[in-house]
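Each chain is listed here by its residues.
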Amino acid sequence: MGNERKVLTRPALLLALLGLVLVGAGSGLWHQYQHNQAQTAAADQARHLANTLAGELGQRVSRHRAQLEQLAGRPASPAPTADQPLTPTAWQDDTRLLRVPDGHPGEEQLSFTLRELLHNLRERGEVVVSSTGGEQPALLMARTTPGGAVILEHDLRPWLRSLDQRLPQGSALTLSQGDLTLIRRGQAVSASATASARGGPFSLTLAVPPTPPSWQSLLLPAGISAALILLVIYAVFARLARRQPAPAATAARRPDSAPARPAAPAASSLPPAPEPEPEPETPTEPEPGPAPSQVLFGADGIRATGDAPLDGTALEQLGRAIGSEAGAAGQHTLFVVCTGEADAKAALINGLVASGRQVVDLGEAPPAVLHYATEVLESQSGVCLTGDGDQRALDVVINGELLLGDRLLTLRERLLARNLDEGTGEREQRDINDRYLNAVADDIILARPMSVAVQGADATAGLAPRLFGELGCKVVTVEGADVDALARAVGEQNLHLGLAFHAGGGLSLVASDGRLIAADRLLMLLARDLLERNPGADVLFNMPDNQALAGLIRQQGGRPVMEEGGPARIRARMKELAVPLAGEANGHIFFADRWYGFSDALYAAARLLEVLSLQAGNSAEAFAPYTDTY
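Residues numbered from 1 in each chain as written. Predicted model: local features only at pLDDT ≥ 70, side-chain atom pairs only at ≥ 80, totals over all residues. Heavy atoms only, no water.

Comments concerning the overall build of the protein chain
Check the secondary structure of the protein chain and you find 16 helices and 24 strands. Within the protein chain, buried positions represent 47% of all 630 residues. Considering only contacts within the protein chain whose residues lie at least 6 apart along the sequence, 65% involve residues at least 24 apart. When the accessible surface of the protein chain is summed, it comes to about 32,100 Å², and 52% of that surface belongs to carbon and sulfur atoms. (Helix = DSSP H or I, 4+ residues; strand = E, 2+ residues; numbered from the N terminus. Buried < 20%, exposed > 50% of the residue type's maximum accessible area, 1.4 Å probe, protein only. Contact = heavy atoms within 4.5 Å. Areas by Shrake-Rupley, 256 points an atom, 1.4 Å probe, with all protein chains shown as cover.)

Here it is, written out as structure tokens:
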């Protein structure tokens, strides 16, 4: 035992110290990694929350603007006479109205903010928006009416109180309109992640502090690691001490007292040494199959061809690559929407789960539901699988970005390099179709009842009757895909409009006279309506055949922006330029005004109905001015 202690003294102590240093360094690096991850998560959370809250404010402004438009010209109650005081109506849904007849003496008794609002209204002659801050923050809007004006006041305090449950602890929020700061809640710390967004006339800035990594979480793994290192060092040196031969005696022995040493046995008499047993082979994970053909990766998404099908093998491999790419972006949950065959969806989900990702299966839903989910739910990533056989297509969203071009090819490069995550994720089933339809319906207000015919066999057409019914429309469903059948239904039943929803996400129209309305004419009508309320805005389009489209946009005070490419490229360009409206020749319409900026045929159709409901004539008369010679 004395010899063993001697062996363990210096080398073991040095190695133990080295082990502790390595544990400490590893713990520090892990702590820094956790800190960086917390910063990234805080930035993503701040951006998502800022966009969500700004979108809610923008929707409130849009709803109340539409409410004022409906009130103009047909007041719900008689205006106060000169001898009556100017008093607002009772609060209803956090909103109240104040009618101000022209020349009413009580106008001088109004607050400075309201008098300034009326002054701006009479100068501009259109709906004006203002706000108040302080202890009673409110949205103010005014609109001229025959013989006076009506002011709408929307109390923002209930909405602000709801933020206490929605914002992370320690967050700071600032709401401003122009140079005026209306609301400031909380105090941002220096390490907070900050994001800004606009909602109507408001600018919203949100600061979210990162969750600090806990040192206590490192104590257990660090202690276990240190103990294991010390045990290994002790075991190694103890074994070396037992094997080391004893030192020779220092004193010489007398020849006659030395015992005779037995002769060494002959080599032939030694038993053969046992052969070492072969170690069992460790089973290895099967390597992924060959990467899918490069032909599949188009400019706007992953598309099947006759020579390169998106079969089960390709979908499973792409699922592993997509899951790995999402994990590298810090996105560990992916939404899946599928409008095709069940076995194809199963193969795709199997690949995503094999990469360790959590999968939320949104079921049978339009592609727009996927994009809506990445805007309002807990993850900003997902996959949409549409079509069957040679018509299959895959759209991929990672961290809020619809992949196109070189970003799609990185998926194939991952497969070629075997740069794939491995794990066992979980699958969850969720249906958000109702939430999506409610969000669309809440944003749309029809000035009068409308009647529509709906045609299409995809998930979009399946949800359309529910949405239009919620908006108070008469809905007629037309079977098949023959546009002539849609036109006959519109004419025979005297309907306002016919709507055909395509599997690829596009929208086709039939006017009340049975004529097909091309996508460029639809965009011209929508652009004119948008530019009346947003003068100077950009309108993006890929419709080179209509030379009059750019002229109409300029005439209305907007800026036409021509863009080559399909829906994915148009969406990316919209984000880059902050464009509120865009359109594509195949009927894809993108609204970033009151909506989220992705191609959404249902929302575009509902927005069109809102525009048409404000006009006295039929849809044929509404589209008549918009041709290629406007």
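Considering the pattern of salt bridges
What the rule picks out here adds up to 28 salt bridges. Residue Arg-166 is joined to Glu-56 by a salt bridge in which the shortest nitrogen-to-oxygen separation is 2.6 Å. Here Arg-166 is found in helix H3 (residues 157–166), whereas its partner Glu-56 is found in helix H1 (residues 2–71), with 110 residues between them in sequence. Here Arg-166 falls in the partly exposed class, since its relative accessible area comes to 33%. (Salt bridge = Lys/Arg side-chain N within 4 Å of Asp/Glu carboxyl O.)

Topic: the sheet that holds strand E21 (residues 538–542)
One open sheet accounts for four strands, arranged E22-E21-E23-E24; its pairing is mixed. The open sheet terminates on both sides in strands that have one partner only, identified here as strand E22 (559–562) and strand E24 (589–591). Neighbour-to-neighbour, the strand axes of the sheet open up by a mean angle of 15 degrees, direction not taken into account. In terms of strand pairing, E21 meets E22 through four bridges, oriented parallel. In the sheet register, Phe-541 faces E22, and the bridge partner there is Met-562. Packed on one face of the sheet, helix H12 (residues 519–533) meets E21, strand E23 (581–584) and E24 and runs near 175 degrees to E23. (Pairing = 2+ DSSP bridges. Axes fitted to C-alpha atoms, helices over the stretch in contact; angles between N-to-C directions.)

What about the layout of surface pockets?
As a volume, the largest pocket reaches approximately 1,200 Å³. Along the wall of the largest pocket there are 34 residues; nearest its centre are Arg-198, Ala-592, Asp-593, Arg-594 and Trp-595. Within the residue set of the lining of the largest pocket, elements represented by two or more residues are H1, strand E7 (193–199), helix H7 (367–376) and helix H14 (567–577). Considering only residue class, the lining of the largest pocket consists of twelve nonpolar, 14 polar and eight charged. (1 Å grid on protein atoms, 1.4 Å probe; cavity = no way out; pocket = protein on both sides within 12 Å on 5 of 7 lines; lining within 4 Å. Points joined across faces, edges and corners; volume = space filled by probe spheres on them. Nonpolar A, V, L, I, M, F, W, Y, C, P; charged D, E, K, R; others polar.)

A closer look at unusual backbone geometry
Although it is not a glycine, Arg-418 sits at a positive phi angle of roughly 55 degrees. Tracing the backbone through its elements, the reader meets Arg-418 in the loop between helix H8 (406–417) and strand E15 (427–429).

Considerations on the packing of helix H9 (residues 433–443) against helix H15 (residues 601–613)
H15 packs onto H9 with a crossing angle of 25 degrees between their chain directions and a minimal axis gap of 10 Å. The angle between H9 and H15 places the two elements in the roughly parallel class. Along this stretch, H9 crosses H15, giving a crossing that reads as right-handed. Here Tyr-436, Leu-437, Val-440 and Asp-443 of H9 come into contact with H15, specifically with Leu-602, Tyr-603, Ala-606 and Glu-610. Looking at side-chain class alone, the contact of H9 with H15 contains six nonpolar, no polar and two charged residues. (Parallel < 35°, antiparallel > 145°, perpendicular 65-115°, else oblique. Left-handed = near helix turned anticlockwise from the far one by under 90°.)

Examining the environment of Glu-563
Mapped onto the elements of the fold, Glu-563 is located in the loop between E22 and H14. Look at Glu-563 and you get buried, because its relative accessible area is 11%. Sequence separation of Glu-563 and Pro-544 is 19 residues, and the distance between their C-alpha atoms is 9.3 Å. Excluding its chain neighbours within four sequence positions, the residues that come into contact with Glu-563 are Leu-540, Phe-541, Asn-542, Arg-569 and Arg-573. Engagement of the side chain of Glu-563 in a polar contact is seen with the side chain of Arg-569, the distance being 3.1 Å. (Polar contact = N/O pair within 3.5 Å; in protein donor to acceptor, adjacent residues only side chain to side chain.)

Examining the sheet that holds strand E4 (residues 148–155)
Taken in spatial order, the four strands make up an open sheet running E1-E4-E3-E2, and their pairing is antiparallel. In this open sheet, the two edge strands, each paired with only one partner strand, are strand E1 (95–101) and strand E2 (128–132). Averaged over all adjacent pairs, the angle separating strand axes in this sheet is 25 degrees, with direction ignored. This element, helix H2 (residues 112–124), spans E1, E2, strand E3 (138–145) and E4 of the sheet and lies at about 165 degrees to E2.

A look at empty space enclosed by the protein
Applying the stated criterion across every chain, the model contains one cavity of 30 Å³ or more. Size it by volume and the largest cavity reaches roughly 30 Å³. In this structure, the largest cavity is lined by Arg-448, Met-450, His-496, Leu-612, Gly-617, Asn-618 and Ser-619. When grouped by side-chain class, the residues that make up the lining of the largest cavity number two nonpolar, four polar and one charged.

With respect to helix H5 (residues 312–328)
For H5, spanning 17 residues, the distance from its first C-alpha to its last is 24 Å, which sits close to the expected 24 Å at 1.5 Å a residue. Counting buried positions along H5 gives 13 out of 17 residues, so the element sits mostly inside the fold. Residue Gly-330 follows H5 closely and has a positive phi angle near 80 degrees. (Expected span 1.5 Å × (residues − 1).)

Regarding the pairing of strand E5 (residues 172–177)
For a regular strand, side-chain orientation follows a simple rule: the groups alternate between the two sheet faces. With respect to burial, E5 is a largely interior element, five of its six residues being buried. Of the pairings in the sheet, the one linking E5 to strand E8 (residues 202–208) comprises five bridges and is antiparallel in character. Residue pairing across strands places Leu-175 opposite Leu-204, the latter belonging to E8.

Notes on the nonpolar core
If you look at the biggest cluster of nonpolar residues, it comprises 75 residues, and the most contacted ones within it are Phe-468 and Phe-501. Among the elements that make up this core, the one with the highest residue count is H15 (ten residues). When residues no more than four places from it in sequence are discounted, the contact partners of Phe-468 are Val-452, Val-454, Cys-473, Val-475, Leu-499, Phe-501, Leu-602, Ala-605, Ala-606 and Leu-609. Formed by 33 residues, the second largest nonpolar core is a distinct cluster that contains Val-336, Val-353, Val-359 and Leu-420. (Core = buried A, V, L, I, M, F, W, Y, C linked by side-chain atoms within 4.5 Å.)

Observations concerning H15
When the terminal C-alpha atoms of H15 are compared, their 18 Å separation across 13 residues agrees well with the 18 Å that a helix rising 1.5 Å per residue should span. You can read the cap of H15 off the contacts: a side-chain oxygen lies 3.2 Å from the backbone nitrogen of Leu-602, and it is on Asp-600.

Some points on the confidence of the model for the protein chain
Summary statistics for the protein chain give a mean pLDDT of 83 and a share of 81% for residues scoring 70 or more. This stretch, residues 1–8, has a pLDDT under 50; its non-local contacts, to residues over four places away or in other chains, come to eleven contacts. Taken as a whole, residues 282–286 scores under 50 in pLDDT and shows one contact with residues more than four places along the chain or in a different chain. (pLDDT = per-residue confidence, 0-100.)

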